[in-house]
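Residue-level structural notes
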Amino acid sequence: MSRAVRIVGLLPIFVALVLIAGCGDPPDKELHQAQGAIDAARAAGADRYATDELKAAQDALDHANTAVGERDYRLALNYALDSRERAQNAAKMAADQKAATRSEAERLLAEVTGAIAVTSAKLQVAQGTHHTAAATQPLAAAIAAARQATDDAGKALASQDYIAAKAHLQGVAASLAAAAEQVPPPEAPLPPRATKRHR
């Protein structure tokens, strides 16, 4: 038997071995775990607080499903494991970022509330002096806008929308301070005139 005939005869065995090695079961358990981790991350707010990591987890899961379709189960397993890990990281990142955003929103709310009290007192003093309404109107408008911002932020905090709460309050204290600086200080009263005594 020639060498060429031997090689030809061994080809079916070689192909069978390749097919056996390439076959196996798709990583269904790992795929389900990855999808569950992604769902949990979304529930934790990762779609708002950890968007990049959540997207990476979803992309990895998509690659895993593509690999399953191509019957490359080893690659699919690697992608599924990567997806699950990234989704778990996204959930943790979301929890940390959500807590930090809430803390920042609460700090801004306290800051703006204090600024409203200070500028309201200044407005009251200015309105009780010779200042015209035109001179105090910008500060009055800024205070009204700040109060509306705190109301909106309070509603957002109550609904746990900390990103919106923070957005409502950012820059409000600075706007109040700028408006307050535009109000001229009250003039000092003139000293009383001395009266002549008649002898």
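Before any of the text, the structure's been laid out above.
To start, this report covers the structure provided alongside it. Residue numbers here run from 1 along each chain, matching the order of that chain's written sequence. A pLDDT threshold of at least 70 governs which residues receive local features in this predicted model, and a stricter bar of 80 or more applies before side-chain atom pairs are shown or counted, although totals over entire chains, interfaces and linings include all residues. The side-chain numbers reported here are obtained from all heavy atoms of the structure, hydrogens and water having been left aside.

1. Things to note about the side chain of threonine 101
Secondary structure elements follow DSSP: runs of H or I no shorter than four residues count as helices, runs of E no shorter than two count as strands, and numbering proceeds from the N terminus. As for its placement among the helices and strands, threonine 101 is situated in helix 5 (residues 73–127). Only protein chains enter the accessibility calculation, which uses a 1.4 Å probe. A residue is then buried if its area is under 20% of the maximum for its type, exposed if over 50%, and partly exposed in between. Classification of threonine 101 by relative accessible area gives buried; the value is 7%. Other than its neighbours up to four places away in sequence, threonine 101 contacts Tyr49, Tyr162, Ile163 and Lys166. Contacts: residue pairs with any heavy atoms within 4.5 Å of one another.

2. Notes on the packing of helix 6 (residues 133–158) against helix 7 (residues 162–169)
To characterise two packed helices, one gives the angle between the axes of the helices and the distance between these axes. To get an axis, fit a line to the C-alpha atoms, keeping to the stretch in contact for a helix; angles then go from 0 to 180 degrees between the N-to-C directions. Direction vectors running N to C along helix 6 and helix 7 enclose 170°, while the axes themselves pass 8 Å from each other. Accordingly, the angle class assigned to the pair helix 6 and helix 7 is roughly antiparallel. For the pair formed by helix 6 and helix 7, the contact residues are Ala149, Thr150, Asp152, Ala153, Ala156 and Leu157 on the first element and Tyr162, Ala164, Ala165, His168 and Leu169 on the second. Ten residues, namely Ala, Val, Leu, Ile, Met, Phe, Trp, Tyr, Cys and Pro, are considered nonpolar, four, namely Asp, Glu, Lys and Arg, are considered charged, and the remaining ones, Gly among them, are considered polar. Its residues placed into classes, the contact of helix 6 with helix 7 shows eight nonpolar, two polar and one charged. Put simply, angles under 35 degrees are roughly parallel, angles over 145 are roughly antiparallel, angles from 65 to 115 are roughly perpendicular, and the rest are oblique.

3. Describing the pattern of salt bridges
Side chains carrying opposite charge are able to pair once their charged atoms draw close together. Each reported salt bridge corresponds to a side-chain nitrogen of Lys or Arg within 4 Å of a carboxyl oxygen of Asp or Glu. Evaluation of the coordinates by the stated rule reveals eight salt bridges. Between aspartate 59 and lysine 55 there is a salt bridge, with the nearest N and O atoms lying 2.9 Å from each other. Here aspartate 59 and its partner lysine 55 are both found in helix 4 (residues 51–69), four residues apart, which amounts to about one turn of the helix. Given a relative accessible area of 29%, aspartate 59 falls into the partly exposed group. Residue classification places lysine 55 among the exposed positions, given a relative accessible area of 52%. Linking glutamate 104 and arginine 107 is a salt bridge whose minimum nitrogen-to-oxygen distance equals 2.8 Å. Taken together, the positions of glutamate 104 and arginine 107, both in helix 5 and three residues apart, correspond to about one turn of that helix.

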